[in-house]
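Spelled out from the first residue to the last, the chains are:
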Amino acid sequence: MNTTSRLLALSALAFSVACFAQTSPNNPSKSTGATGQGMAMTGDADWDALDSNKDGFLTKDELTGSPALVHNFNDIDTNKDGKISMDEWKTYGKNKMMKKP
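So, a few notes on the structure that sits alongside this text.

What counts as what
Residue positions within a chain follow its written sequence, with the count starting from 1. Side-chain atom pairs in this predicted model are given and counted only at pLDDT of 80 or more, local residue features only at pLDDT of at least 70, and totals for whole chains, interfaces and linings cover all residues. Based on all heavy atoms of the structure, the side-chain values leave hydrogens and waters out of the count. As used here, the term nonpolar core means buried Ala, Val, Leu, Ile, Met, Phe, Trp, Tyr and Cys residues forming a set that is joined through side-chain atoms within 4.5 Å. The buried label applies to any residue whose accessible area, calculated with a 1.4 Å probe on protein chains only, is under 20% of its type's maximum; exposed applies above 50%, and partly exposed to all values in between. By the criteria applied, helices consist of DSSP H or I runs no shorter than four residues and strands consist of E runs no shorter than two, each listed in order from the N terminus. One fewer than the residue count of a helix, multiplied by 1.5 Å, yields its expected span. What the arc measures is the spread of directions leading from the helix axis to the C-beta atoms. Every residue pair with non-hydrogen atoms within 4.5 Å of one another is taken to be in contact.

Section: the nonpolar core
Next up, step 1: Formed by Trp47, Leu50, Leu58, Leu63, Leu69, Phe73, Ile76, Ile84, Met86, Trp89 and Tyr92, the largest nonpolar core amounts to 11 residues.
Next up, step 2: Within the residue set of this core, elements represented by two or more residues are helix H2 (45-50), helix H4 (73-76) and helix H5 (86-99).
Next up, step 3: It is H5 that provides the largest number of residues to this core, a total of 3 residues.

Points about H5
Next up, step 1: The end-to-end C-alpha separation of H5 is 20 Å, in line with the 20 Å expected for 14 residues at 1.5 Å each.
Next up, step 2: For H5, the complete set of buried residues consists of Met86, Glu88, Trp89 and Tyr92. For H5, the arc enclosing every buried residue in end-on projection is 160°, short of the 170-degree limit, so these residues lie on one face. Across H5 from its buried face, at more than 90 degrees, point the exposed residues Asp87, Lys94, Met97 and Met98.
Next up, step 3: Along its buried surface, H5 packs onto H2, helix H3 (67-71) and H4.

Encoded structure:
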(Lines give C-alpha, C1' and ligand atoms only; values in the text may rest on other atoms or scores of the structure.)
Protein backbone atom coordinates (compact mmCIF):
# COMPACT_ATOMS: atom_id res chain seq x y z
CA MET A 1 0.00 0.00 0.00
CA ASN A 2 1.49 3.30 -1.01
CA THR A 3 1.56 6.47 1.07
CA THR A 4 -1.44 8.04 -0.69
CA SER A 5 -3.61 4.97 -0.10
CA ARG A 6 -2.62 4.82 3.56
CA LEU A 7 -3.39 8.51 3.99
CA LEU A 8 -6.81 8.09 2.36
CA ALA A 9 -7.62 5.04 4.49
CA LEU A 10 -6.54 6.82 7.67
CA SER A 11 -8.60 9.90 6.73
CA ALA A 12 -11.68 7.76 6.07
CA LEU A 13 -11.27 6.03 9.41
CA ALA A 14 -10.87 9.33 11.28
CA PHE A 15 -13.95 10.73 9.50
CA SER A 16 -16.11 7.73 10.38
CA VAL A 17 -15.00 7.86 14.04
CA ALA A 18 -15.84 11.57 14.19
CA CYS A 19 -19.27 10.96 12.68
CA PHE A 20 -20.00 8.12 15.08
CA ALA A 21 -19.03 10.26 18.06
CA GLN A 22 -21.56 12.93 17.05
CA THR A 23 -24.63 10.73 16.68
CA SER A 24 -27.52 11.34 19.06
CA PRO A 25 -28.48 8.79 21.71
CA ASN A 26 -31.47 6.57 20.94
CA ASN A 27 -33.51 8.11 23.74
CA PRO A 28 -32.14 11.53 24.66
CA SER A 29 -34.69 12.06 27.44
CA LYS A 30 -33.09 9.19 29.37
CA SER A 31 -29.55 10.43 28.72
CA THR A 32 -29.79 13.84 30.27
CA GLY A 33 -27.67 13.23 33.33
CA ALA A 34 -28.60 14.79 36.64
CA THR A 35 -32.07 16.20 37.13
CA GLY A 36 -32.47 19.66 35.70
CA GLN A 37 -29.14 19.62 33.88
CA GLY A 38 -30.13 18.03 30.59
CA MET A 39 -32.19 18.83 27.57
CA ALA A 40 -35.07 16.39 27.89
CA MET A 41 -36.59 15.90 24.49
CA THR A 42 -39.88 14.09 24.71
CA GLY A 43 -41.12 14.65 21.18
CA ASP A 44 -43.84 16.90 22.58
CA ALA A 45 -42.79 20.47 21.78
CA ASP A 46 -45.32 22.01 24.17
CA TRP A 47 -44.12 19.85 27.06
CA ASP A 48 -40.45 20.50 26.29
CA ALA A 49 -41.06 24.26 26.21
CA LEU A 50 -42.98 24.25 29.50
CA ASP A 51 -40.65 21.93 31.43
CA SER A 52 -38.11 24.69 32.01
CA ASN A 53 -35.95 22.77 34.50
CA LYS A 54 -36.06 19.57 32.40
CA ASP A 55 -36.91 17.36 35.36
CA GLY A 56 -39.67 15.49 33.53
CA PHE A 57 -42.53 17.14 35.44
CA LEU A 58 -44.53 20.36 35.21
CA THR A 59 -45.20 22.46 38.29
CA LYS A 60 -47.47 25.48 38.73
CA ASP A 61 -44.37 27.68 38.75
CA GLU A 62 -43.43 26.42 35.28
CA LEU A 63 -46.95 27.08 33.98
CA THR A 64 -47.27 30.73 35.03
CA GLY A 65 -47.30 31.80 31.37
CA SER A 66 -50.23 29.48 30.62
CA PRO A 67 -53.27 30.64 32.64
CA ALA A 68 -55.51 27.86 31.30
CA LEU A 69 -53.08 25.18 32.48
CA VAL A 70 -52.71 26.83 35.89
CA HIS A 71 -56.51 26.99 36.16
CA ASN A 72 -56.81 23.27 35.26
CA PHE A 73 -53.72 22.15 37.18
CA ASN A 74 -55.61 20.26 39.90
CA ASP A 75 -57.67 18.40 37.29
CA ILE A 76 -54.59 17.47 35.27
CA ASP A 77 -52.58 16.39 38.36
CA THR A 78 -54.68 13.28 38.94
CA ASN A 79 -52.45 11.74 41.62
CA LYS A 80 -52.31 15.06 43.51
CA ASP A 81 -48.54 15.07 43.99
CA GLY A 82 -48.19 18.74 43.06
CA LYS A 83 -46.67 18.12 39.66
CA ILE A 84 -47.86 16.92 36.27
CA SER A 85 -46.22 13.83 34.83
CA MET A 86 -45.98 13.03 31.13
CA ASP A 87 -48.72 10.39 31.55
CA GLU A 88 -51.04 12.93 33.19
CA TRP A 89 -50.21 15.42 30.42
CA LYS A 90 -51.06 12.90 27.69
CA THR A 91 -54.31 11.90 29.43
CA TYR A 92 -55.29 15.56 29.71
CA GLY A 93 -54.55 16.07 26.02
CA LYS A 94 -56.60 13.04 24.98
CA ASN A 95 -59.54 14.10 27.17
CA LYS A 96 -59.34 17.63 25.80
CA MET A 97 -59.40 16.32 22.22
CA MET A 98 -62.43 14.11 22.93
CA LYS A 99 -64.39 17.08 24.30
CA LYS A 100 -63.98 19.13 21.11
CA PRO A 101 -67.16 19.36 19.00
